[in-house]
Amino acid sequence: MNISITFRHMDASAAIKAYARDKVAKLQKFLRQPMTAKVTLSLDKLRHVAETRISSGGAHLEAKESSEDMYASIDK
């Protein structure tokens, strides 16, 4: 399992990074093969955006969510 987290237009925070890593790591139990995940956390004006791209074998999954709080965006 390989998870990379990128911050765009905002300061990197160890707490947010650990929170996102834990949430994405839980998805591994639903996949048959080891996954590779790329998470991008960004600030767009006043919206906190969380984007995730997951690859596992032949499966490729993408998600994008925005809200007023980064933790809420990651949860969605």
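To be clear, the structure that these remarks concern was listed above.
Residues numbered from 1 in each chain as written. Predicted model: local features only at pLDDT ≥ 70, side-chain atom pairs only at ≥ 80, totals over all residues. Heavy atoms only, no water.

Peer 1: Could you give an account of the overall build of the chain, with specific residues and numbers?
Peer 2: Each helix and strand counted, the chain has two helices and four strands in total. Shown N-terminal to C-terminal, the secondary structure of the chain runs as helices and strands in the order β-α-β-β-β-α. Against the compact-globule benchmark of 11 Å for 76 residues, the chain has a radius of gyration of 12 Å, which places it among compact chains. Seen through its C-alpha atoms, the chain measures out along the principal axes to roughly 35 × 20 × 15 Å. The buried share of the chain, taken over its 76 residues, is 32%. Restricting the contact set of the chain to residue pairs at least 6 apart, pairs at least 24 apart contribute 40%. Charge separation in the chain, taken as the distance between the mean sites of 13 positive and 9 negative side-chain charges, equals 7 Å. (Helix = DSSP H or I, 4+ residues; strand = E, 2+ residues; numbered from the N terminus. Rg over C-alpha atoms; globule rule 2.2 N^0.38 Å. Buried < 20%, exposed > 50% of the residue type's maximum accessible area, 1.4 Å probe, protein only. Contact = heavy atoms within 4.5 Å. Lys, Arg positive; Asp, Glu negative; His and termini not counted. Charge placed at Lys NZ, Arg CZ, Asp CG, Glu CD.)

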